[in-house]
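If you want the building blocks of each chain, they are given just below.
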Amino acid sequence: MNWKEIYESRKCTADEAVQRIKNGDRVVFAHCVAEPTILVDAMVANAENYEDVTISHMVTLGKGQYTKPEYKGHFKFEGWFSSASTRGSIAEGHGQFVPVYFHEVPNYIRKGIFPIDVVMVAVSAPDRNGFCSVGVSCDYTMQAIKSAKIVLAEVNDQVPVVYGETFVHISEIDAFVETSHPLPEMVLPNICDVETKIGKYCASLIEDGSTLQLGIGAIPDAVLSQLKDKKHLGIHSEMISDGVVDLYEAGVIDCSQKSIDKGKMIVTFLMGTKKLYDFAANNPMLEMRPVDYVNSPVVVSQCSKMVCINACLQVDFMGQVVSDSIGTKQFSGVGGQVDFVRGAAMSLDGKGKAIIAMPSIVKKKDGTMISKIVPFIDHGAAVTTNRHDVDYIVTEYGIAEMKGRSLQDRARALINIAHPEFRDELKEEFEKRFNAQF
Ligand code: COA
């Protein structure tokens, strides 16, 4: 059979496709924006037909219905990240969270630590040679397609064809469901005065010709907005969002001085709006590679003038960074934060920098303010970037350097960039904690 005949013979409805899922299977979804929503909805609608199906994936922007208690016995959620729609189930105890460095996920799949029975993906329409692109999510998705027993694909003509290691031949897919719908979008909050100040401090650490990694959240995008006067920046990043498009169009990002993958932005997934997805489509300047390449600390170490910018929730006096939990509540996941922090530290040119940036306080809904710089991390919180790895901490009040500094000096530097309302209280805590004068 030629590829067109294979395609026709495997075309079906979403309800038919999800009948390939069997009791006791582990089903993995493509990551983040690439979640095949039509297939996921069909799986949930057919919940009564399944017993004990485990659902695993990393970030989701989807509804996460399969995590709801009413599906107990049919689905159990075992996530590699905690997202808005899945967080509640983990907190309530019927969903599970599995800690894993993002760059290790393909290896876990290859080794069978994460065995996969069925993978559900979204792909572009096939090209004239019978290849579809997984578009916005290469990360672990490509390895999952190679390792899964069954591959179910939603063929969505709005999935952009993105270059790099994103192409799957029709013959590798077991069932096709045709659809046409826009990709999920992540619109970032407006950048305010605090984020602008943080962005300016971060920009002061970025030299012309640097290669950038940008993490999840409002802060990395705020940093991009402060880089308009830089020259010849490059991108080697787990993800990018819309801010990168503006800097490319302004001529700031040209990747001309990158030491590896020169002339190309290298990413493993995209999360933004249609503006980003349109930019990525058929763009020879941008390539997607698997996460075990992009996030590998060894690969990151080869990038010249590597600067990584990630966000966090809390930092203690020792420089322990909490980015994925609030007390015992699993808020997100390590993602690629530590992959890049370690890669920058190992940088072959000795110029790598790892910035963790955050507003100095968080305002709760009832108006109370909490300092994000604290003497001790919250009870039950997990350290994401540890005190041996931490490099620069930035708030709207300045930059605190951690490497090579004693615990007392770290705490002093951090208190000096804490919110002024909390500094006296923190100084008192310092004196108790270290038996020393501030
Ligand atoms: N104590 C209690 N609550 C806190 C808090 C603190 N110290 N700091 C933040 N919060 C709350 C906020 O109020 C907010 O609550 P809401 O959801 O009810 O509004 C929530 O936590 C998220 O905080 P916010 O600052 O808006 O997060 P963000 O969207 O900018 O994301 C991280 C920041 C740290 C959560 C995100 O970057 C992350 O998950 N990082 C880990 C993974 C990573 O870095 N990957 C990088 C490679 S891509």
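Residues numbered from 1 in each chain as written. Predicted model: local features only at pLDDT ≥ 70, side-chain atom pairs only at ≥ 80, totals over all residues. Heavy atoms only, no water.

1. Focus: the site of the ligand
Thinking step 1. Taken together, 23 residues lie near the ligand, and I216, E238, L313, S332 and Q337 sit nearest.
Thinking step 2. Contact distances for the ligand include 2.8 Å between an oxygen atom and a backbone N or O atom of I216.
Thinking step 3. Burial of the ligand by the protein amounts to 77% of the accessible area it has alone, namely 970 Å².
Thinking step 4. Those elements that place two or more of their residues in the shell around the ligand are β12 (234-240) and β15 (306-311). (Near = heavy atom within 4 Å. Polar contact = N/O pair within 3.5 Å; in protein donor to acceptor, adjacent residues only side chain to side chain. Areas by Shrake-Rupley, 256 points an atom, 1.4 Å probe, with all protein chains shown as cover. Helix = DSSP H or I, 4+ residues; strand = E, 2+ residues; numbered from the N terminus.)

2. Things to note about the sheet that holds strand β17 (residues 321-322)
Thinking step 1. Pairing within the open sheet is mixed, and its 3 strands lie in the order β17-β16-β23. A single partner strand is all that each edge strand has here, and the edge strands are β17 and β23 (373-374).
Thinking step 2. Examined bridge by bridge, strand β16 (residues 314-316) and β23 share 2 bridges and lie parallel to one another. Residue V315 lies in a different strand from β23, and its bridge partner there is I373. (Pairing = 2+ DSSP bridges.)

3. A closer look at the pairing of strand β2 (residues 53-56)
Regular strands have side chains that alternate between both faces of the sheet.
Thinking step 1. Neither face of β2 is left uncovered, since the one carrying V53 and I55 and the one carrying T54 and S56 both have all their residues buried.
Thinking step 2. Pairing geometry for strand β1 (residues 26-29) and β2, over 3 bridges, is parallel. The partner of V27 across the bridge, within β2, is I55.
Thinking step 3. Note that the unit made of β1, helix α3 (residues 37-45) and β2 has a crossover that is right-handed.
Thinking step 4. Relative to strand β3 (residues 75-79), β2 runs parallel, the two sharing 3 bridges. When the bridges of β3 are listed, I55 appears paired with F77. (Buried < 20%, exposed > 50% of the residue type's maximum accessible area, 1.4 Å probe, protein only. Right-handed = clockwise from strand over helix to strand, strands pointing away.)

4. Quick look at unusual backbone geometry
Thinking step 1. A positive phi angle, close to 60°, is found at C32, a residue other than glycine.
Thinking step 2. Checked against the element boundaries, C32 lands in the loop between β1 and α3.
Thinking step 3. Of note in this structure, N435 is not a glycine but carries a positive phi near 55°.

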